[in-house]
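The residues making up each chain are set out below.
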Amino acid sequence: MTGDRPAADRIPVTESWRRQARASCVRVVLADAGDKRAADAAQRLESEGLATPILVGDPAAFCSPAVRAEAEASPWSDRIDLGDPLHVAALMVAAGETDACVGGATRPTADVVRAALFCIGLAPGVETISSCFLLELPDGTPITFGDCGVVPEPDASQLASIAIASAATHEALVGERARVAMLSYSTKGSAAGPRVERVRAATEIVRRRAKSLAVDGELQFDAAWAPEVARMKAPASEVAGAANVFVFPDLDSGNIAYKITERLGGARAYGPLLQGAAGVMHDMSRGCDSDDIVAVALIAACQAVHRGSLASNHTAIPASVPVMDPSGSGAEARGGSR
């Protein structure tokens, strides 16, 4: 077990994102151009030198030959609508005409997930698109929760995929080594049952697929978070008592947990941040404001900058795993509610 978690004397994560974004001048397409919140966010991104915003209003104006070629090459070409700003914005990412996309301020999460899958596709070796939330606690400590917005009942393989993707997101956005807790109502055999076995199996899959990743499970939240509890329940664990990435066994628990952390714990929640696509694309809550759009655009910009190095952080997931059916996406949980 590691020692007590360090005091939060770091630069706030939002300031770190701003510094990275200013240094990179990333192109970010906003797919809600007809919405005043998106227009205000674009103005701020440009005036503050945080990104080069692109507002997709009339989709036809952005349907370049490269965009059309990406649409035709997609395995889901029959599901792509070149009259939909969200689809065109995602195709612009796939075509390299922009570095990242932020959308969903006027659309349900399922629309954003499907646009990412149809138009950008899955990253090599990735099993499913999932999501996580980056939460900044009142003392400035950043933690990551996954999945809180997309996969309702992940099997062991999908749970492992969520864990690896959430760890990569955390490392890219926070700049610290991920320590992943696979959460359950059991700690190291204190209880038994099919749901516990699924978390244990997922933990072993993560260890095989991402040998350099610090991961442990199954762990209850108190054992994962509190050093004094970890010393009693999991004294041999390098993650217990020091976890910064928390993987929940299903969408119910993940979505409830982030909202409790936000509303009762006073954390600032950023997300749902989509994971697993071959390019950077993020969703927004329909209840968001322009500040939220700016923040997620900054996150997207930072991830676009880190994109080249993320693939080498951990061993990739084998390409033979099944792909989630987008028509049955569970992306009904609205994230980022304010």
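You'll find the structure just up there.
Residues numbered from 1 in each chain as written. Predicted model: local features only at pLDDT ≥ 70, side-chain atom pairs only at ≥ 80, totals over all residues. Heavy atoms only, no water.

Participant: Is there a simple way to think about the overall build of the chain in this case?
Facilitator: Helix and strand counts for the chain come out as 11 helices and 10 strands. With 338 residues in all, the chain has 58% of them scored as buried. Within the chain, contacts between residues separated by at least 24 positions form 76% of all contacts whose residues are at least 6 apart in sequence. In the form shown here, the chain has an accessible surface area of approximately 12800 Å², with 54% of it arising from carbon and sulfur atoms. (Helix = DSSP H or I, 4+ residues; strand = E, 2+ residues; numbered from the N terminus. Buried < 20%, exposed > 50% of the residue type's maximum accessible area, 1.4 Å probe, protein only. Contact = heavy atoms within 4.5 Å. Areas by Shrake-Rupley, 256 points an atom, 1.4 Å probe, with all protein chains shown as cover.)

Participant: Looking at this structure, how should I read the sheet that holds strand S2 (residues 52–55)?
Facilitator: Within a sheet, each strand pairs with its neighbour through backbone hydrogen bonds, oriented either parallel or antiparallel. The strand order across the open sheet formed by 4 strands is S2-S1-S3-S10, and the pairing between neighbours is parallel. Two strands lie at the open edges of the sheet, namely S2 and strand S10 (280–283), each paired on one side alone. On average, adjacent strands in this sheet sit at an angle of 20° to one another, irrespective of strand direction. Direction of pairing for strand S1 (residues 27–30) relative to strand S3 (residues 100–103): parallel, over a ladder of 3 bridges. If you follow Leu-30 over to S3, its bridge partner there is Val-102. Its contacts with the sheet place helix H4 (residues 85–94) against S1, S2, S3 and S10, and it is angled at close to 160° to S3. (Pairing = 2+ DSSP bridges. Axes fitted to C-alpha atoms, helices over the stretch in contact; angles between N-to-C directions.)

Participant: Honestly, the packing of helix H3 (residues 65–73) against H4 in this entry has me stumped. Any pointers?
Facilitator: The angle between the axes and the distance between the axes are what describe a pair of packed helices. Running from N to C, H3 and H4 cross one another at 95°; their axes reach a closest spacing of 9 Å. Compared by their axis directions, H3 and H4 come out roughly perpendicular. Taking contact as the criterion, the partners of Val-67, Glu-70 and Ala-71 in H3 are, on H4, Leu-91, Met-92 and Ala-94. Per-class residue counts for the contact of H3 with H4 are 5 nonpolar, no polar and 1 charged. (Parallel < 35°, antiparallel > 145°, perpendicular 65-115°, else oblique. Nonpolar A, V, L, I, M, F, W, Y, C, P; charged D, E, K, R; others polar.)

Participant: Before we go on, may I ask you to explain the packing of aromatic side chains in this structure?
Facilitator: For any pair of aromatic rings, the description rests on two quantities: the centre-to-centre distance and the angle between the ring planes. In total, this model carries 8 aromatic pairs according to the counting rule given. Summarising the aromatic geometry, the rings of Trp-17 and Tyr-270 are spaced 5.2 Å apart at their centres and angled 85° between planes, so their arrangement reads as edge-to-face. Of the two residues, Trp-17 sits in helix H1 (residues 13–24) while Tyr-270 sits in strand S9 (residues 268–275), which places them 253 residues apart along the sequence. In this structure, Trp-17 and Tyr-270 share a single accessibility class: buried. (Phe/Tyr/Trp six-rings, centres within 6.5 Å; stacked < 30°, edge-to-face > 60°.)

Participant: Looking at this model, I keep getting lost on the nonpolar core. Mind explaining?
Facilitator: A general tendency of soluble globular proteins is for nonpolar side chains to be buried together. Counting residues in each nonpolar core, the largest one holds 49 residues, and the members touching the most others are Val-180, Met-182, Val-206, Leu-213, Val-247 and Met-281. Elements with a contribution of two residues or more to this core: H3, H4, helix H5 (109–120), helix H6 (156–174), strand S6 (179–183), helix H7 (194–209) and strand S8 (245–247). In terms of residues, this core owes the most to one element, H5, which gives 8 residues. Those residues within four positions of Val-206 in sequence are excluded, and the remaining contacts are Ala-160, Ala-163, Ile-164, Met-182, Leu-213 and Val-215. Ranked by size, the runner-up nonpolar core spans 35 residues in total, among them Trp-17, Leu-30, Ala-38 and Cys-302. (Core = buried A, V, L, I, M, F, W, Y, C linked by side-chain atoms within 4.5 Å.)

Participant: Could you clarify how one ought to interpret H6 in this entry?
Facilitator: Since the α-helix turns once every 3.6 residues, residues separated by three or four places project in the same direction. For H6, spanning 19 residues, the distance from its first C-alpha to its last is 27 Å, which sits close to the expected 27 Å at 1.5 Å a residue. With 19 of its 19 residues buried, H6 lies for the most part within the structure. The backbone nitrogen of Ser-157 has a side-chain oxygen 3.2 Å away, supplied by the residue at the start of H6, namely Asp-155. After H6 finishes, the residue Gly-175 shows a positive phi value of roughly 80°. (Expected span 1.5 Å × (residues − 1). Polar contact = N/O pair within 3.5 Å; in protein donor to acceptor, adjacent residues only side chain to side chain.)

Participant: Even after reading the chapter, I still don't get the side chain of Thr-141, so can you show me in this structure?
Facilitator: As for its placement among the helices and strands, Thr-141 is situated in the loop between strand S4 (130–136) and strand S5 (142–146). Polar contacts involving the side chain of Thr-141 include one to the side chain of Asp-139, which spans 2.9 Å.

Participant: Hey, could you run me through the sheet that holds S6 in this one?
Facilitator: Reading across from one edge, S7-S6-S8-S5-S4-S9 is the order of the 6 strands in this open sheet, with mixed pairing throughout. Two strands bound the open sheet, and with one partner strand each, they are strand S7 (214–219) and S9. Between one strand and the next, the sheet's axes are offset by a mean angle of 20°, whatever the strand orientation. Of the strand pairs in this sheet, S4 and S9 are connected by 6 bridges, and their pairing is antiparallel. Paired with Ser-130 across the bridge in S9 is Gln-275. On the sheet, H1 packs against S4, S5 and S9 and is oriented at approximately 115° with respect to S4.

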